[in-house]
Amino acid sequence: MPVPPLPSFDQPDLARAVEGLPIKALDDLPFGAIRLDAEGVVRVYSGAERRLSGSGDRPRLGLHFFREVAPCMDGPRYRGRIERAMAAGGLDLEFGWTGDFGDAERSLRVRVQSAAGGGCWIFMRREGAVALSDY
């Protein structure tokens with residue numbers, strides 16, 4: 001069965017496009033992809049996110065994203081916006097963020113969309129990042 005083409009970061013329904021891919025295909029995206037369940041626990045942490053963020057092979061699956069993975073994002077500007085949008089019934093946010101595991105000054109574009117079955121997807125695109133196939 002052929003694998004669908006990789007979606008672009010700017011694709012309108014990015015979460016649905018990513019959910020249609022085999023999980024290993026997420027490693028080839030030119031941006032990071034993280035899926036959280038409704039409680040904020042990491043269920044998917046793409047190889048692309050590990051590589052592009054500089055976070056390496058640190059454990060991620062099963063950890064609470066805001067408390068254990070990215071506590072710098074555990075505040076009203078990031079987690080608060082996500083929780084307010086989820087409570088309102090529609091999660092489709094996009095905003096800028098500064099800071100990364102490998103570079104505290106790096107600029108990121110962040111998209112957060114509802115995941116099928118609850119929770120959300122967090123997509124992060126970094127300035128100057130390239131796809132695995134570009135190496």
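Our subject is the structure that appears above.
The structure contained in this document is the topic of the report that follows. Predicted model, so just to flag it, every value in this text is computed and none were measured. Residue indices begin from 1 for each chain and proceed along its sequence in written order. Only residues with pLDDT of at least 70 are given local features in this predicted model, and only at 80 or more are side-chain atom pairs given and counted; all residues enter the totals for whole chains, interfaces and linings. Here the side-chain values reflect all heavy atoms present in the structure, with hydrogen atoms and water set aside.

## Remarks on the overall build of the protein
Logical step 1: Helix and strand assignments follow DSSP, with helices taken as H or I runs no shorter than four residues and strands as E runs no shorter than two, numbered in order from the N terminus. Counting its secondary structure elements, the protein contains four helices and five strands.
Logical step 2: In sequence order, the protein lays out its α and β elements as α-β-β-α-α-α-β-β-β.
Logical step 3: Only protein chains enter the accessibility calculation, which uses a 1.4 Å probe. A residue is then buried if its area is under 20% of the maximum for its type, exposed if over 50%, and partly exposed in between. For the protein, buried positions account for 45% of its 135 residues.
Logical step 4: Relative to all contacts within the protein whose residues are 6 or more apart in sequence, the contacts with residues 24 or more apart total 41%.
Logical step 5: Put simply, the protein shows about 6900 Å² of open surface, and 54% of that area lies on carbon and sulfur atoms. By definition in these notes, contact holds between two residues if any of their heavy atoms fall within 4.5 Å. Computed with the Shrake-Rupley method and a 1.4 Å probe, the accessible areas treat only the protein chains shown as cover for residues.

## Comments concerning the pairing of strand E2 (residues 42-45)
A regular strand places its side chains so that they alternate between the two faces of the sheet.
Logical step 1: Relative to E2, strand E1 (residues 32-36) runs antiparallel, the two being bridged by three bridges. The residue of E2 that forms the bridge with Leu36 is Val42.
Logical step 2: A loop of five residues connects E1 with E2, the two strands running antiparallel in sequence, and Gly40 in this loop sits at a positive phi of about 90°. Pairing between strands requires that DSSP locate at least two bridges from one strand to the other.

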